[in-house]
Amino acid sequence: MSCEGHSHDHEHSEPDNSTSTGLGTSLRPSIDFSSVTCLNESRPNAGRDILKLYEDRMTPNPSLSSQEDPDEDPELLLVVPFEESVVIKSLCIVSHSGRGAGNGNDDDATAAPRTVRIYVNRPNLDFETVRDLKPDATLTLTPPSHQWSNEFASGSIDYPLRPAGRFQNVSEIALYFCDNYNMPDGYGASNDMDDYDEGDVVPTELSYVGFKGKGTNTKRKAVKAVYETMGMKKDHQVPGAEYFGKEGL
């Protein structure tokens, strides 16, 4: 399955280190960092490490890259749970890979992600599932040559998430990076990789992922607490009630 159905909408944020814009406030304080996972990361907890403070979004390190294995796809599956239900309005992704593109620098050992498929409130995802599962949204990310041009190098790019109704009451979001800019357009998501020269595959790398929106003050654990406080039927019996069910009473 190729990566298609992409959205190209994005807005360029001002480099004022503000965590709040028209697209919402940084949702980093709502992330459940202890439960963040990333499949195929080359270093343990690398996916967690790129959920940086907003003011650190343009720093190249630490970064997240897929494992360097020519027999495997350069894909990543980053799963981010939240401590409360949130409304996500935009997504920001930064990669320092490929900054030399177009300047005679073809020696990059990694490549920036091209496509990200987004899944909301879908627990227990893995690569086999997401390759065939219809996403809630698909974004084509800005090429490195555009992101790091003189016009935009001092800021970052916020991608609005649409349709907005799919990103309400989000308790968990999964980002599937299925290809990168070193691969021909249309490859990725495993099925098309059979015709791709394995020697040309390089890992996918990114250095920042951030979300903006607003919280709902609805804790994920509240539902569990409700069930724990609900008594069983036997806990509400009236003393002596067992006699009223007998004939003549």
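Quick look at the structure, then. All values reported here derive from a predicted model rather than from experimental measurement.

Bringing the overall build of the chain into the picture now. In terms of helices and strands, the chain carries 5 helices and 12 strands. When burial is assessed residue by residue, the chain has 45% of its 249 residues classed as buried. Contacts spanning at least 24 positions in sequence make up 81% of the contacts within the chain whose residues lie at least 6 apart. Of the roughly 13,300 Å² that the chain leaves accessible, carbon and sulfur atoms contribute 46%.

Here we take up unusual backbone geometry. Omega for the peptide link from Asn61 to Pro62 comes to -5°, which places this bond in the cis form. Note that Pro62 resides in the loop between α1 (46-49) and β5 (64-65). With an omega dihedral of -5°, the bond running from Arg162 to Pro163 counts as a cis peptide bond. If you trace the backbone, Pro163 turns up in the loop between β9 (156-160) and β10 (170-180). Even without being a glycine, Asn45 presents a positive backbone phi close to 70°. With respect to the helices and strands, Asn45 occurs in the loop between β4 (37-39) and α1. One non-glycine residue with positive phi stands out, namely Asn124, at about 60°.

Note on placement: Pro203 falls in the loop between β10 and β11 (205-206). Along the sequence, Pro203 and Thr110 sit 93 residues apart, while their C-alpha atoms lie 5.0 Å from each other. Excluding residues that lie within four positions of it along the chain, Pro203 makes contacts with Ser66, Gln67, Glu68, Pro74, Ala109, Thr110, Ala111 and Asn180.

Counting 33 residues, the largest nonpolar core has Phe82, Ile88, Ile118, Leu175, Val209 and Phe211 as the members making the most contacts within it. Breaking this core down by element, the ones donating at least two residues are β6 (76-94), β7 (113-120), β8 (137-140), β9, β10 and β12 (208-219). Per element, the largest residue contribution to this core is 8 residues, and it comes from β6. Excluding residues that lie within four positions of it along the chain, Ile118 makes contacts with Leu91, Pro135, Asp136, Ala137, Leu139, Leu161, Phe167, Ile173, Ala174 and Leu175. Grouped together as the second largest cluster of nonpolar side chains are 9 residues, Val79, Tyr119, Ala174 and Cys178 included.

Looking now at the pairing of β6. In terms of burial, β6 is a largely internal element, 17 of the 19 residues being buried. Relative to β6, β4 runs antiparallel, the two sharing 3 bridges. Paired with Leu39 across the bridge in β6 is Leu77. Looking at chain direction, β6 and β10 are connected through 7 bridges and run antiparallel. Following the sheet pairing, Val80 is matched in β10 by Ile173. Looking at chain direction, β6 and β12 are connected through 9 bridges and run antiparallel.

Along the chain, Leu51 turns up in the loop between α1 and β5. Residue Leu51 is classed as buried on the basis of its relative accessible area, which comes to 2%. Through-space distance from the C-alpha of Leu51 to that of Gly210 is 6.1 Å; in sequence the pair is 159 residues apart. Once residues within four sequence positions are removed from consideration, Leu51 is found in contact with Arg28, Ile31, Phe33, Val36, Val80, Val209 and Phe211.

In the structure shown here, the tally under the stated rule is 2 aromatic pairs. With 5.9 Å between their ring centres and 75° between their planes, Phe82 and Phe211 make a pair best called edge-to-face. Taken together, the residues span a long stretch of sequence, with Phe82 in strand β6 and Phe211 in strand β12 at a distance of 129 residues. Overall, Phe82 belongs to the buried group, its relative accessible area being 0%. A centroid spacing of 6.0 Å and a plane angle of 50° characterise the contact between Phe127 and Tyr176, whose relative ring orientation is tilted. Here Tyr176 lies in strand β10 and Phe127 lies in helix α2 (residues 127-130), a separation of 49 residues in the sequence.

What counts, and at which threshold
Residues numbered from 1 in each chain as written. Predicted model: local features only at pLDDT ≥ 70, side-chain atom pairs only at ≥ 80, totals over all residues. Heavy atoms only, no water. Helix = DSSP H or I, 4+ residues; strand = E, 2+ residues; numbered from the N terminus. Buried < 20%, exposed > 50% of the residue type's maximum accessible area, 1.4 Å probe, protein only. Contact = heavy atoms within 4.5 Å. Areas by Shrake-Rupley, 256 points an atom, 1.4 Å probe, with all protein chains shown as cover. Core = buried A, V, L, I, M, F, W, Y, C linked by side-chain atoms within 4.5 Å. Pairing = 2+ DSSP bridges. Phe/Tyr/Trp six-rings, centres within 6.5 Å; stacked < 30°, edge-to-face > 60°.

Such coordinate-based values are descriptive only and should not be taken to indicate function.
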